[in-house]
Amino acid sequence: MNILFITWDGPQTSYLEGLFLPIFQVLKTAGFNVHVLQFTWDDAQVFEHRRIACEEAGCSYERVSVIRKPIALGSLMSAFLGYKHIRKAISKWNIDVVMPRSTLPALSSLMALYGRKTSMLFDADGLQLDERVDFSGLSPSGPVYRLLRDIEAQAVRRAGVVITRSDKAVEILLARAGAGTNKDKFHVVANGRDTDLFNPGDQDSRTNTRELLGVLSDTPLLVYAGSIGPQYCVPEMLRLFELVKKKRPKARFLILTGSPDIIKAQIKSKANIAGSIIVKTVTVHEVPAYLACADLGIAFRKSSFSMQGVAPIKLGEYLLCGLPLVATEGIGDTHMIDKKVGALVKEINEAELEAIADWFVDEVVPLRKEMRESCSRVGVKYFSLKACSNSYIKALTQVTQGRHD
């Protein structure tokens, strides 16, 4: 079966290469051949990198240039005109199922499929419109939001299968689509990682990585890996480290991010802990070793309506690497996180941070070996590439069955 994956990405994002291509490689072994059509505004160098990455993964790749000025109108115009590229791709690659990821590709797909029987699988990809309301100032009563909300609902109704990243997102999208929408068409998929890369390693590899950091093997080490921004609760992370350091003065905090200048500027005002914080920018292939050598992964995120629909990639990365974690409750599905692998907080306040610091020092550090094994087991069960790919195969199989009913 030939699948047309339609995505919308800027040059700064690497979801296609880092998240989806490994999944598509597994899907190919199950008989699903994925072809990629990417709406983007990247430069020639980024385009060539993505084209080569897709070819190496066994996927055809074409790009569609997005009009950038003015941004909002240009994006809508690109989505309206994009249907022509989708129809050409359907014909060129003999496509059986169109799989748009997020709302604007869904708009192009709905136009391309109008009057046609080609099957559609809609990857809702969280609650993107509501994220723009929560974090980018989009008005929930404005014409852009209302238009895109209608497109989202139409895509849910038109699709034979809808995939989401959380059970809560299923409830929300089902209610928005209206009466007559069958809940059985929804599938929750995880953001999986390859266990050949993301794993706890062994004692020697963890010791060697700590030596590179200049951190002794018995030093409590906290880690955060990911983007830096208001929604990631940087002040709260730094405060947690302050509280841990009061109890264990030799503790260190490792921050892995592609925005080192931003975090370094925030650390400057924290003279009491600045010297104990290590900031590094590393490749995706280097990340697992640094996570595996740490003792606690931080996954704070500001609670909001839209965050119910996400599946933070770092949760799976932490657990697969045998790393206990502390995360914000209600950010996607967190039912698999219990006291054997981590802690959840409803509100990130001073009392909660003090409780986490106590828990880390009194329970996590002494039971580090046992928790490493528990974390790894949970990670493999819920966040491995195999588990993730199986959920995609199940969804695509349902689309296949629908085509023949």
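Higher on the page you've got the structure.
A short tour of the structure in this document, coming up. (Residues numbered from 1 in each chain as written. Predicted model: local features only at pLDDT ≥ 70, side-chain atom pairs only at ≥ 80, totals over all residues. Heavy atoms only, no water.)

**A word on the nonpolar core**
Logical step 1: Counting residues in each nonpolar core, the largest one holds 64 residues, and the members touching the most others are Leu222, Leu240, Phe253, Ile255, Ile277, Leu291 and Phe300.
Logical step 2: In contact with Leu291, other than residues within four places in its own chain, are Val223, Ala225, Leu256, Glu317, Tyr318, Cys321 and Leu323. (Core = buried A, V, L, I, M, F, W, Y, C linked by side-chain atoms within 4.5 Å. Buried < 20%, exposed > 50% of the residue type's maximum accessible area, 1.4 Å probe, protein only. Contact = heavy atoms within 4.5 Å.)

**A look at the packing of helix α6 (residues 128–136) against helix α7 (residues 143–158)**
Logical step 1: Relative orientation of the contacting elements α6 and α7 amounts to 155 degrees, with a least axis distance of 10 Å. Viewed along their axes, α6 and α7 adopt a mutual orientation that is roughly antiparallel. In this structure, α6 uses Leu129, Asp130, Arg132 and Val133 to contact α7, whose residues at the interface are Val144, Tyr145, Leu148, Arg149 and Glu152.
Logical step 2: For the contact of α6 with α7, the residue count by class is 5 nonpolar, no polar and 4 charged. (Axes fitted to C-alpha atoms, helices over the stretch in contact; angles between N-to-C directions. Helix = DSSP H or I, 4+ residues; strand = E, 2+ residues; numbered from the N terminus. Parallel < 35°, antiparallel > 145°, perpendicular 65-115°, else oblique. Nonpolar A, V, L, I, M, F, W, Y, C, P; charged D, E, K, R; others polar.)

**Describing a nonpolar patch on the surface**
Logical step 1: Residues Ile67, Leu73, Met77, Phe80 and Leu81 make up a contiguous nonpolar surface patch of about 420 Å² in total accessible area.
Logical step 2: Relative to the elements of secondary structure, Phe80 occurs in helix α3 (residues 71–81). (Patch = residues over 30% accessible without salt bridge, like charges linked within 9 Å, V, L, I, M, F, W, Y side chains within 5 Å. Areas by Shrake-Rupley, 256 points an atom, 1.4 Å probe, with all protein chains shown as cover. Salt bridge = Lys/Arg side-chain N within 4 Å of Asp/Glu carboxyl O.)

**Let's talk about the sheet that holds strand β1 (residues 2–8)**
Whether parallel or antiparallel, the strands of a sheet pair through hydrogen bonds between backbone atoms.
Logical step 1: Taken in spatial order, the 7 strands of this open sheet run β3-β2-β1-β4-β5-β6-β7, and their pairing is parallel. Whereas interior strands pair on both sides, the edge strands pair on one side only; in this sheet they are β3 (60–65) and β7 (186–188). Strand-to-strand twist across the sheet, computed as the mean angle between neighbouring axes with direction ignored, equals 20 degrees.
Logical step 2: Sheet topology places β1 next to strand β2 (residues 33–40); 7 bridges connect them, and they run parallel. Looking at β2, one finds that Ile6 is bridged to Leu37.
Logical step 3: Against the sheet, helix α2 (residues 44–56) contacts β2 and β3, and its axis sits at roughly 155 degrees relative to β3.
Logical step 4: Contacts between helix α8 (residues 167–177) and the sheet are confined to β6 (161–164) and β7, with β7 contributing the most and set at about 160 degrees to the helix. (Pairing = 2+ DSSP bridges.)

**So, the sheet that holds strand β11 (residues 296–299)**
Logical step 1: Strands sit in the order β10-β9-β8-β11-β12-β13 across an open sheet of 6 strands; the sheet is parallel. Strands at the two margins of the open sheet, each flanked by one partner only, are β10 (277–280) and β13 (342–345). In this sheet, neighbouring strand axes are inclined to one another by 20 degrees on average, regardless of whether the strands run parallel or antiparallel.
Logical step 2: Here β11 runs beside strand β12 (residues 325–328); their pairing, made up of 3 bridges, is parallel.

**Brief notes about the environment of Cys233**
Logical step 1: Tracing the sequence through the fold places Cys233 in the loop between β8 (221–225) and α10 (234–247).
Logical step 2: According to the relative accessible area criterion, Cys233 is buried, its value standing at 3%.
Logical step 3: Expressed as a C-alpha distance, the spacing of Cys233 and Ala124, which sit 109 residues apart in the sequence, is 26 Å.
Logical step 4: Apart from the residues lying within four places of it in its own chain, the contact partners of Cys233 are Phe300, Arg301, Lys302 and Ile348.

**Observations concerning the pairing of β6**
Logical step 1: The alternating pattern of β6 places Val161 and Ile163 on one face and Val162 and Thr164 on the opposite face, and all of these are buried.
Logical step 2: As paired strands, strand β5 (residues 119–123) and β6 are joined by 3 bridges and run parallel to one another. Across the sheet, residue Asp123 finds its bridge partner in β6, namely Ile163.
Logical step 3: Relative to β7, β6 is paired through 3 bridges, and the arrangement is parallel.

**Thoughts on the packing of aromatic side chains**
In this description, a pair of aromatic rings is defined by centroid distance and the angle of the planes.
Logical step 1: Per the stated rule, a full pass over the model turns up 6 aromatic pairs.
Logical step 2: For the pair Phe5 and Phe20, a centre-to-centre distance of 4.9 Å together with 40 degrees between the ring planes defines the contact as tilted. Highlighted residues: Phe5 in strand β1 and Phe20 in helix α1 (residues 15–29), separated in sequence by 15 residues.
Logical step 3: Judged by its relative accessible area of 0%, Phe5 falls in the buried class.
Logical step 4: Overall, the relative accessible area of 1% leaves Phe20 in the buried class.
Logical step 5: Ring plane angle 10 degrees and centroid distance 5.2 Å describe the contact between Trp8 and Phe39, whose orientation is recorded as stacked. With a gap of 31 residues between them, Trp8 in strand β1 and Phe39 in strand β2 connect regions that are remote in the sequence. Comparing Trp8 with Phe39, the two get one shared label, buried. (Phe/Tyr/Trp six-rings, centres within 6.5 Å; stacked < 30°, edge-to-face > 60°.)

**Digging into empty space enclosed by the protein**
Logical step 1: As enumerated under the stated definition, the model contains 2 cavities of 30 Å³ or more in all.
Logical step 2: Its volume calculated, the largest cavity comes out at about 80 Å³.
Logical step 3: Taken together, Tyr232, Ala299, Phe300, Arg301, Pro312, Lys314, Leu315, Ala327, Thr328, Ile331 and Thr334 make up the full set of residues lining the largest cavity.
Logical step 4: Counting only elements with at least two residues in the lining of the largest cavity, the list comes to α13 (313–320) and β12.
Logical step 5: Looking at the lining of the largest cavity residue by residue, the classes come out as 7 nonpolar, 2 polar and 2 charged.
Logical step 6: Quantified by volume, the second largest cavity comes out at close to 40 Å³.
Logical step 7: Forming the boundary of the second largest cavity are Ser102, Thr103, Phe122, Ala124, Gly126, Leu127, Gln128, Leu129 and Glu152.
Logical step 8: Within the lining of the second largest cavity, the residues separate by chemical class into 4 nonpolar, 4 polar and 1 charged. (1 Å grid on protein atoms, 1.4 Å probe; cavity = no way out; pocket = protein on both sides within 12 Å on 5 of 7 lines; lining within 4 Å. Points joined across faces, edges and corners; volume = space filled by probe spheres on them.)

**Observations concerning the environment of Gln398**
Logical step 1: Inspection of the secondary structure puts Gln398 in helix α16 (residues 385–404).
Logical step 2: For Gln398, a relative accessible area of 25% translates into the label partly exposed.
Logical step 3: In sequence terms Gln398 and Asp184 are 214 residues apart; their C-alpha atoms lie 9.8 Å from each other.
Logical step 4: Not counting residues up to four positions away in its chain, the partners in contact with Gln398 are Gly160, Val161, Asp184, Lys185 and His187.

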